[in-house]
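Below, each chain spelled out in residue letters.
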Amino acid sequence: MPKVLAQGKTIECKVGANLRKVLLQNHIDLYNGGALVINCRGIGSCGTCAVLVEGEVNEPNWRDKTRCSLPPHSPGNNLRLACQTQVLGDLKVTKYDGFWGQNPQIVWTSEG
Ligand code: FES
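Okay, so let's go over this structure. (Residues numbered from 1 in each chain as written. Predicted model: local features only at pLDDT ≥ 70, side-chain atom pairs only at ≥ 80, totals over all residues. Heavy atoms only, no water.)

### Considerations on the packing of aromatic side chains
Tallying each qualifying case throughout the model produces one aromatic pair. Relative to W100, the ring of F99 has its centre 4.8 Å away and its plane inclined at 70°; by these criteria the two rings are edge-to-face. Residue classification places F99 among the partly exposed residues on the basis of a relative accessible area of 29%. Given the relative accessible area of 29%, W100 is considered partly exposed. (Phe/Tyr/Trp six-rings, centres within 6.5 Å; stacked < 30°, edge-to-face > 60°. Buried < 20%, exposed > 50% of the residue type's maximum accessible area, 1.4 Å probe, protein only.)

### Some details on the pattern of salt bridges
Under the definition given, this model contains two salt bridges. Measuring nitrogen to oxygen at the nearest pair gives 3.7 Å for the salt bridge that ties E12 to K3. (Salt bridge = Lys/Arg side-chain N within 4 Å of Asp/Glu carboxyl O.)

### Section: the environment of L19
Its location among the elements puts L19 in helix α1 (residues 19–25). The exposure class of L19 is buried, given its relative accessible area of 0%. When the C-alpha positions of L19 and V4 are compared, they lie 8.7 Å apart, and in sequence the two are 15 residues distant. Not counting the four nearest positions on each side in its chain, L19 is found in contact with V4, V51, V53, A82, T85, V87, L91 and V93. (Helix = DSSP H or I, 4+ residues; strand = E, 2+ residues; numbered from the N terminus. Contact = heavy atoms within 4.5 Å.)

### A word on the nonpolar core
Among the nonpolar cores identified, the biggest contains 28 residues, and V4, L19, L23, L91 and V93 are the most heavily contacted of them. For this core, the secondary structure elements donating two or more residues are β1 (3–6), α1, β4 (50–57) and β6 (86–96). No other element matches the five residues that β4 contributes to this core. (Core = buried A, V, L, I, M, F, W, Y, C linked by side-chain atoms within 4.5 Å.)

### Some remarks on unusual backbone geometry
Of the consecutive residues P71 and P72, the connecting peptide bond is found in the cis state with omega at 0°. By the secondary structure assignment, P72 is in the loop between α2 (62–68) and β5 (80–81). One non-glycine residue, Q7, adopts positive backbone phi at about 50°. By the element assignment, Q7 lies in the loop between β1 and β2 (9–12).

### Topic: the side chain of R20
Its place among the elements puts R20 in helix α1. The side chain of R20 sits in the buried core without any salt bridge; D64 is the nearest counter-charge, 12 Å away. Discounting chain neighbours no more than four positions away, the residues touching R20 are L30, Y31, N39, R41, G42, A82 and C83. (Lys, Arg positive; Asp, Glu negative; His and termini not counted.)

What follows is the structure, encoded as structure tokens:
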């Protein structure tokens, strides 16, 4: 079972689990501020579930690539949409500041 490290928690999940669901079900603060209420519920259009992932995940799909290339995100920021990410192995997750998680300041890391 892969282990997801996020906000100081270690969460075990099935191979192929949806990262957004894994984080929310384990009370990780995936969304910043009002984005907790105003988000697309996982269809890959709002961009507020963006996180940095280190570990084994699926290749970015077209929704992930498209949304992460549009402002306030930008191509090359290396963020992924949690809602479009499948956990394939052990993973470390980092959340950045800003409504979309697009700013350079860290909100939380895998360690807390
Ligand atoms: S929840 Fe909206 S893009 Fe992931």
